[in-house]
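# Breakdown of the fold
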Amino acid sequence: MEWLNDLNLPDHELIMDGIKERGFAIIKNCVGLDFIESQRNRWMQSFRRENVDRKFVRGNLILGESNFLSYSDINPWCMYRNFEFLWNQTDDSRALSVHLQIHKFRNKMQGFNENYGLEYNEDNYGIYISTSFYPSGRGVLQPHTDGHKDTPILHYMLPYTFKGQDYSSGGLYCNDKFGERHDIDKDVEPGDIIFF
């Protein structure tokens, strides 16, 4: 597959050291710009109310269900989120390949088997690919921490929209271990990946 060269991933231990120190890390120039543009074209046309299948954007997922686009506008969050499950046929094999490579890199960072979450396991843990969009002027997601049972799960974001280009305020904020709040999106450019 020609797009396996889209990723420019550094040493996983180096990135994990940064996360342990600050709580987040940004890998600069990690993904090819043509891939980012292809995803912007793919998703920016999809996030419309007439395309929504469900009204919830978190939890209550069922093994074997179809992919779906959701939208919720409640106090804790206002957002679109598309769910792509690995048991379904993908409509973008390049995107699937990129996300699986990032997931395996994340597993290495956390000291897990690289296929953790990609195969059935006794922890009942599996991944899906979610693509989220926060409507300008309304989008919000309250601060929170995610995990699986007692296992904290390192998250990544591969942005397709950018502060200063697509929106001027808001975006991803992370608190470091000392409680200092960081405006992550102001330091992110097309092709960067955020781990937190």
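In the block above lies the structure referred to throughout.
Here goes a summary of the coordinates provided. As the structure is a computational prediction, the values presented were derived from the model and not from experiment. Here the residue index of a chain counts from 1 through its sequence in written order. It should be noted that, the model being predicted, local features are given only for residues of pLDDT at least 70 and side-chain atom pairs only at 80 or more, the latter also being counted only at that level, while totals for whole chains, interfaces and linings use all residues. Water and hydrogen atoms play no part in the side-chain values, which are based on all heavy atoms of the structure.

Mapped onto the elements, Thr 131 comes out in strand 4 (residues 128–133). In this structure, Thr 131 is in contact with Trp 43, Phe 47, Tyr 80, Arg 81, Asn 82, Glu 84 and Tyr 160, ignoring residues within four places of it in sequence. Strands here mean DSSP runs of E at least two residues long; helices mean DSSP runs of H or I at least four residues long; both are numbered from the N terminus. Any two residues having at least one pair of non-hydrogen atoms within 4.5 Å are treated as being in contact.

As for its position among the elements, Glu 84 is in strand 3 (residues 77–85). The class for Glu 84 is buried, based on a relative accessible area of 11%. As used in this structure description, the phrase polar contact means that two N or O atoms lie within 3.5 Å; if the pair is within protein, one of them must be able to donate a hydrogen and the other to accept it, and residues adjacent in sequence are counted only when both atoms belong to side chains. At 3.0 Å, the side chain of Glu 84 forms a polar contact with the side chain of Arg 42. Excluding residues within four positions of it along the chain, Glu 84 makes contact with Arg 42, Trp 43, Asn 67, Thr 90, Asp 91, Tyr 128, Ile 129 and Thr 131. Whether a residue is buried, partly exposed or exposed follows from its accessible area with a 1.4 Å probe, protein chains only, as a fraction of its type maximum: under 20%, in between, or over 50%, in that order.

Here we take up the sheet that holds strand 1 (residues 25–27). Whenever strands of a sheet pair, they do so through backbone hydrogen bonds, lying parallel or antiparallel. Across the sheet, which stays open at both edges, the three strands sit in the order 1-11-8 with antiparallel pairing between neighbours. On the outer flanks of this sheet lie strand 1 and strand 8 (156–157), each paired with one strand and no other. The pairing of strand 8 with strand 11 (residues 193–195) spans two bridges and is classified as antiparallel. Paired with Met 157 across the strands is Ile 194, a residue of strand 11. When DSSP finds at least two bridges between two strands, those strands are taken to pair.

What follows deals with the nonpolar core. Side-chain atoms within 4.5 Å are what join buried Ala, Val, Leu, Ile, Met, Phe, Trp, Tyr and Cys residues into a set we call a nonpolar core. Counting 34 residues, the largest nonpolar core has Leu 158 and Phe 195 as the members making the most contacts within it. Mapped onto this core, the elements with two or more residues apiece are helix 1 (12–22), strand 1, helix 2 (33–44), strand 2 (68–73), strand 3, helix 3 (93–110) and strand 11. Of the residues forming this core, the biggest block, five residues, is contributed by helix 3. In contact with Leu 158, not counting residues within four places along its chain, are Val 31, Phe 35, Ile 36, Val 98, His 99, Ile 102, Asp 192 and Ile 193.

Looking now at the packing of aromatic side chains. Pairing of aromatic rings covers Phe, Tyr and Trp, the last counted by its six-membered ring, and requires centre-to-centre distances within 6.5 Å; plane angles under 30 degrees mean stacked, over 60 mean edge-to-face, and any other angle means tilted. As enumerated under the stated definition, the model contains 15 aromatic pairs in all. Ring centres of Phe 83 and Phe 85 lie 6.2 Å apart, and the angle between their planes is 15°; on these two criteria the pair is classed as stacked. The burial state of Phe 83 is the same as that of Phe 85; both residues are buried. Geometrically, the ring pair formed by Phe 105 and Phe 195 is tilted, given 5.8 Å between the ring centres and 50° between the ring planes. Here Phe 105, found in helix 3, pairs with Phe 195, found in strand 11; they are 90 residues apart in sequence, far enough to count as distant. An identical accessibility class is assigned to Phe 105 and Phe 195; each is buried. The structure contains a cluster of three or more aromatic residues connected by ring pairs, namely Trp 43, Phe 47, Tyr 71, Tyr 80 and Phe 133. Look at NZ for Lys and CZ for Arg. If either is within 6 Å of the ring centre and within 35 degrees of the ring normal, a charge sits over the ring. Over the ring of Phe 68 we find Arg 54, and its NZ or CZ is 4.0 Å from the ring centre. Directly above the ring of Tyr 173 sits Arg 181, whose terminal nitrogen or CZ lies 4.0 Å from the centroid.

Here we take up helix 1. Of all the positions in helix 1, only His 12, Ile 15, Met 16 and Ile 19 are classed as buried. Buried residues in helix 1, looked at end-on, bunch into an arc of 100°, giving them a common side. Opposite the buried face of helix 1, at more than 90 degrees from it, the exposed residues are Glu 13, Leu 14 and Glu 21. In this structure, the buried side of helix 1 is in contact with strand 1, helix 3 and strand 11. Measuring from the side-chain oxygen of the N-cap residue of helix 1 to the backbone nitrogen of Glu 13 gives 2.8 Å; that N-cap residue is Asp 11. Arc, as used here, means the arc of the directions from the helix axis to the C-beta atoms.

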